[in-house]
Amino acid sequence: MEVRSDPTPTTRVLYLAGWGRSGSTLAESLLDQVPGLVGVGEIKFLWERGLLQNRRCSCGTPLRSCRFWVDVLGEAFGGMPDDATARALDAASRRFRTRHLPGLLLKPTSPPDADRLLWYYETLERLYRAVATVSGAQVIVDSSKFPSYLTALLQSATLDVRVAHIVRDPRAVAYSWQRHRHDPDAPGDAEMPRMHPGATALYWSAWNLATERIARRSGSPYLRFRYEDLVREPAATLRRITELSGVPAATVPVGERGEVFVPRTHQVSGNPMRFHSGPVALRLDDEWTTGMATRHRYLTGAVTVPLRHRYGYKDG
Ligand SMILES: [Zn+2]
């Protein structure tokens, strides 16, 4: 009988959690430059937007033709997964939606479902392992953000998941969700989705609380950081996140005018800024302080108390 003495090899994942428009794409682009880390975008959407819709990788190439993802999927699956497999994986990842969260956390799953979920977890393990192999990185930065998808990753015994939770002033976030913005990635030349500030404020609170709760329950290493601190003090903030990742501290060079150089990455889905490589100005986007309607500003401010205060965002 063969006895395995080696512990099961683990793949380390730095999970960027947080509500949309909080600056996770910027954070990921900066983290991607730290030696030992690779930022691969919102892996949750690899099956639907990447494989089935063949949307562009952040390198600009449609995902099915991107050399990086062709190599990763070849390593994980022995070739490009067929549409039926991609659809099944997308369906499994849709199971991890926020509205299903209470059920996933509390109820035992029925046996047929359990089998399907086990297959899904094992496939994720293979995928993340393949990303590590192809990139040569020690830590995979996944900016999927969904607290629900985090629960899926936490089911795996071979993924060493660490949670970096990005938060941003909810009034800035609500203002961003109000703006008309072209989405170069969406089919049919669409705009990025918009949301009323009242809805954004509710989501902001619920999403951030769920993230904290799931991370705390799992006992995974967890760090919360503010978008505003990342922009104002990039070196110190990145050092904290790098420490959480368990790789040696590294500095990301910041120019005299606060600009950083963002190299080309291979991120799946995410904010359109991921398509931009080259110098990026680290400048606090606080347009909401002058551009946001007063009633929306007060509504968002009121709905997000007390969490907003706990995160250090004052009234006014
Ligand atoms: Zn690519």
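About the criteria used
Residues numbered from 1 in each chain as written. Predicted model: local features only at pLDDT ≥ 70, side-chain atom pairs only at ≥ 80, totals over all residues. Heavy atoms only, no water. Buried < 20%, exposed > 50% of the residue type's maximum accessible area, 1.4 Å probe, protein only. Helix = DSSP H or I, 4+ residues; strand = E, 2+ residues; numbered from the N terminus. Pairing = 2+ DSSP bridges. Core = buried A, V, L, I, M, F, W, Y, C linked by side-chain atoms within 4.5 Å. Axes fitted to C-alpha atoms, helices over the stretch in contact; angles between N-to-C directions. Contact = heavy atoms within 4.5 Å. Expected span 1.5 Å × (residues − 1). Arc of directions from axis to C-beta. Donors = N, O, S within 2.8 Å, 3.2 Å for Na, K, Ca; no water. Tetrahedral: all angles 85-135°; square planar, octahedral: opposite > 155°, others 65-115°. Parallel < 35°, antiparallel > 145°, perpendicular 65-115°, else oblique. Left-handed = near helix turned anticlockwise from the far one by under 90°. Salt bridge = Lys/Arg side-chain N within 4 Å of Asp/Glu carboxyl O.

### Side note on the pairing of strand β4 (residues 159-167)
- When you tally the buried positions in β4, you get eight out of nine residues, the bulk of the element.
- For strand β1 (residues 11-17) and β4, the ladder comprises seven bridges, and the chain directions are parallel. For L16, the partnering residue across the bridge sits in β4 and is A164.
- Here β4 runs beside strand β5 (residues 222-226); their pairing, made up of five bridges, is parallel. What sits directly across from V167, in β5, is R226.

### Things to note about the nonpolar core
- Ranked by size, the top nonpolar core spans 43 residues in total, and within it W69, Y120, Y128, Y149 and L153 carry the most contacts.
- Secondary-structure elements contributing two or more residues to this core are β1, α2 (46-52), α3 (67-77), α4 (83-95), α6 (111-135), α7 (147-154), β4 and α9 (197-218).
- For this core, the element with the most residues is α6, which contributes nine residues.
- Core analysis: the second largest hydrophobic core is formed by 26 residues, L30, A164, I166 and L282 among them.

### Things to note about the sheet that holds strand β2 (residues 37-39)
- Spatial ordering of the open sheet is given by β2-β3-β1-β4-β5, a layout of five strands whose pairing is parallel. Where the open sheet ends on each side, the last strands, each with one partner, are β2 and β5. Each strand axis lies, on average, 25 degrees off the axis of its neighbour in the sheet, ignoring direction.
- On top of the sheet, α7 reaches β1, β3 (139-145) and β4; it is set at about 165 degrees to β4, its chief contact.

### Notes on α4
- End to end, α4 covers 18 Å across 13 residues, agreeing with the expected 18 Å (1.5 Å per residue, within 8%).
- Residues of α4 that are buried include every one of A86, L89, D90, A92 and S93, and no others. Around the axis of α4, the buried residues are gathered within 160 degrees of arc, so they sit on the same side.

### Concerning the side chain of D90
- Inspection of the secondary structure assignment puts D90 in helix α4.
- Residue classification places D90 among the buried residues on the basis of a relative accessible area of 10%.
- Setting aside residues up to four positions removed in sequence, D90 forms contacts with W47 and E48.

### With respect to the coordination of the zinc ion
- Donor atoms from the polypeptide that bind the zinc ion are C57 (SG), C59 (SG), C66 (SG) and H266 (ND1), placed at 2.1 to 2.4 Å.
- Considering all four donor atoms around the zinc ion, angles at the metal cover 98 to 116 degrees and the coordination shape is tetrahedral.
- Expressed as a motif, the donor residue spacing for the zinc ion is C-x1-C-x6-C-x199-H. Separated by 209 residues along the polypeptide, C57 in the loop between α2 and α3 and H266 in the loop between β6 (259-262) and β7 (278-281) bring together distant segments of the chain.
- You can call H266 partly exposed: its relative accessible area is 27%.

### Some words on α3
- For α3, the complete set of buried residues consists of F68, W69, V72, L73 and A76. One face of α3 carries all of its buried residues, which in axial projection span an arc of 120 degrees.
- Trailing α3 by a residue or two, G78 shows a phi angle of about 80 degrees, which is positive.

### Topic: unusual backbone geometry
- The omega torsion across V305 and P306 is 10 degrees, close enough to zero to call that bond cis.
- Within the secondary structure layout, P306 lies in the loop between α13 (294-303) and α14 (307-310).
- In the Ramachandran plot, R21 falls in the positive-phi region, its phi being about 70 degrees despite a non-glycine side chain.
- Examined against the element boundaries, R21 turns out to sit in the loop between β1 and α1 (24-31).

### Examining the packing of helix α8 (residues 170-178) against α13
- Where α8 meets α13, the axes come as close as 9 Å, and the angle between the chain directions of the two elements is 130 degrees. Judged by the inter-axis angle, α8 sits oblique to α13. Considering how the two elements wind past one another, α8 and α13 form a crossing that is right-handed. Packed against α8, whose contacting residues are P170, R171, A174 and Q178, the element α13 presents H296, R297, T300 and G301 at the interface.

### Here's the deal with the pattern of salt bridges
- With the rule as written, the count across this model stands at 15 salt bridges.
- D71 is the salt-bridge partner of R67, the closest N and O atoms lying 3.0 Å from each other. Pair noted here: R67 and D71 are both in helix α3, with a separation of four residues, about one helical turn.
- Overall, D71 belongs to the partly exposed group, its relative accessible area being 32%.
- R179 is the salt-bridge partner of E287, the closest N and O atoms lying 3.1 Å from each other. One end of the pair, E287, is in the loop between β7 and α12 (288-291); the other, R179, is in the loop between α8 and α9, and 108 residues separate them in sequence.
- Using a relative accessible area of 40% as the deciding quantity, one classes E287 as partly exposed.
- Through salt bridges with shared partners, a single ionic network connects R168, R179, D285 and E287.

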